[in-house]
Amino acid sequence: MAFERFHRHMHYRVAVGIATTGRRPILHSVLPHLLHQSQPVDEIVICAAADDDVDPAALGALSGRTRVVFSERGLCRQRNRILECVGKADILLFLDDDFLVAPSYVEETVRIFREYPDVVMSTGTVDADGILGPGIPLEDGLRIIRTRSDAPPRGGEQPVYNGYGCNMAVRMSTVRGYGLRFDENLPLYGWLEDVDFSRQLARHGRIVRSQRLRGVHLGTKTGRTSGIRLGYSQIANPVYLMRKKTMSPRHAAPQIMRNLVANTVKIFRPEPWVDRRGRLSGNMRALVDLVRGRLAPQNVTVLD
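Here the structure is a predicted model, which means the values were calculated and not measured.

1. A short note on the overall build of the chain
Here is step 1: On a plain count of helices and strands, the chain comes out with ten helices and nine strands.
Here is step 2: For the chain, the C-alpha radius of gyration of 19 Å lies close to 19 Å, the compact-globule estimate for 304 residues.
Here is step 3: Taken along its principal axes, the extent of the C-alpha atoms in the chain is 60 × 40 × 35 Å.
Here is step 4: Across the 304 residues of the chain, 52% fall into the buried class.
Here is step 5: Restricting to contacts in the chain with at least 6 residues of sequence separation, those with at least 24 account for 81%.

2. Examining the side chain of Arg276
Here is step 1: When you line up the elements, Arg276 lands in helix H10 (residues 276-292).
Here is step 2: Note on Arg276: relative accessible area 9%, which makes it buried.
Here is step 3: Excluding residues that lie within four positions of it along the chain, Arg276 makes contacts with Ala262, Asn263, Lys266, Ile267, Pro270 and Glu271.

3. Regarding the nonpolar core
Here is step 1: Within the largest apolar cluster, 32 residues are counted, with the highest numbers of intra-cluster contacts made by Leu92, Val170 and Phe197.
Here is step 2: For this core, the secondary-structure elements that each account for two or more residues are strand E2 (43-48), helix H3 (75-84), strand E4 (91-95), strand E6 (119-129), strand E8 (167-171), helix H6 (172-177), helix H7 (193-202) and helix H8 (227-244).
Here is step 3: Residues contacting Val170, with those up to four places away along its chain left out, are Asp90, Ile91, Leu92, Phe94, Phe113, Val120, Met121, Val175, Phe197 and Leu201.
Here is step 4: Judged by nonpolar contacts, the second largest core, of 29 residues, contains Ile18, Val106, Val110 and Val208.

4. Quick word on the pattern of salt bridges
Here is step 1: Overall, the coordinates contain 19 salt bridges when judged by the stated rule.
Here is step 2: Residues Glu72 and Arg77 are paired through a salt bridge, measuring 2.9 Å at the closest nitrogen-oxygen approach.
Here is step 3: Glu72 sits in the exposed class, given a relative accessible area of 56%.
Here is step 4: The closest approach of N and O atoms between Glu108 and Arg212, which form a salt bridge, is 3.8 Å. Separated by 104 residues along the polypeptide, Glu108 in helix H4 (residues 105-115) and Arg212 in strand E9 (residues 206-217) bring together distant segments of the chain.

5. Examining the packing of aromatic side chains
Here is step 1: On inspection of all chains with the given rule, the structure shows three aromatic pairs.
Here is step 2: Ring geometry for Phe182 against Phe197: centres 4.0 Å apart, planes inclined by 10°, an arrangement best described as stacked. Note that Phe182 is positioned in the loop between H6 and H7 and Phe197 in helix H7, a separation of 15 residues in sequence.
Here is step 3: Since its relative accessible area comes to 0%, Phe197 is described here as buried.
Here is step 4: Ring centres 6.5 Å apart and planes at 35° place the aromatic pair Tyr189 and Trp191 in the tilted group.
Here is step 5: Take Tyr189: its relative accessible area is 32%, and that puts it in the partly exposed class.
Here is step 6: Connected via pairs of aromatic rings, a cluster forms that spans Phe94, Phe182 and Phe197.
Here is step 7: Of note, Arg206 hangs over the ring of Tyr116, and the distance from its end group to the ring centre comes to 5.5 Å.

Conventions and cut-offs
- Residues numbered from 1 in each chain as written.
- Predicted model: local features only at pLDDT ≥ 70, side-chain atom pairs only at ≥ 80, totals over all residues.
- Heavy atoms only, no water.
- Helix = DSSP H or I, 4+ residues; strand = E, 2+ residues; numbered from the N terminus.
- Rg over C-alpha atoms; globule rule 2.2 N^0.38 Å.
- Buried < 20%, exposed > 50% of the residue type's maximum accessible area, 1.4 Å probe, protein only.
- Contact = heavy atoms within 4.5 Å.
- Core = buried A, V, L, I, M, F, W, Y, C linked by side-chain atoms within 4.5 Å.
- Salt bridge = Lys/Arg side-chain N within 4 Å of Asp/Glu carboxyl O.
- Phe/Tyr/Trp six-rings, centres within 6.5 Å; stacked < 30°, edge-to-face > 60°.
- Lys NZ or Arg CZ within 6 Å of the ring centre and 35° of its normal.

Written out as structure tokens, the structure is:
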């Protein structure tokens, strides 16, 4: 009982980690909105791949609590660099550089980790996801946030298979205690890196999604992996994770089939923001490599 009382009243130090590459304008448009949190974050760590990915002079009121660090390009490498830099954090909230969080997001995250000591990861409810379409303009995203924030909180925490990489918080004592890292064999965009990291954490506690954690994923299209590389990763990465046993066949197989079918069917009338021809070409090259026994996520680094 004494431990529970201490646990419920201890201060949780919260860090936000953002990996970014080639998306400086959207990063600097989204960052200031972290100032509007009902519970301020203690630290923001931005991991960039190049000097011109971040302008320190543009951080404004956030500069005092923001660090900019660097690593080689690649989402997993950059997130691992962030893990190395948050030695005092109790909770690390990974956000994409184009993700807007509701004002209560950090406060609600702390509540979850305080009330449920067995929770090792939390992820939010995305009110609008521009990754599924042409992207959401910043002002539209802010309008959605304001509209949804006015509604009373609803629902609680539900168990989920994995966190959504654009907004997922982790209990750092668990990450440190078991030496967990993102798998750098998933290069570049790191397709399904969130599933892999989630399932590593799931061996040590619960993963939950909360309807009280709300945000908007703008889905900005600049700085993303080419169609052929993404298409290759859509096959290679789930196969790799199945072999690694951090993704079950019942989750991986539908993932592969959905992408194959979508890329095949939509190649004749592709969305303007999706390179369906490139993705399907990448799918086919991956399937050929699978048959030949040469399939590996790292192969995307030598694709055109």
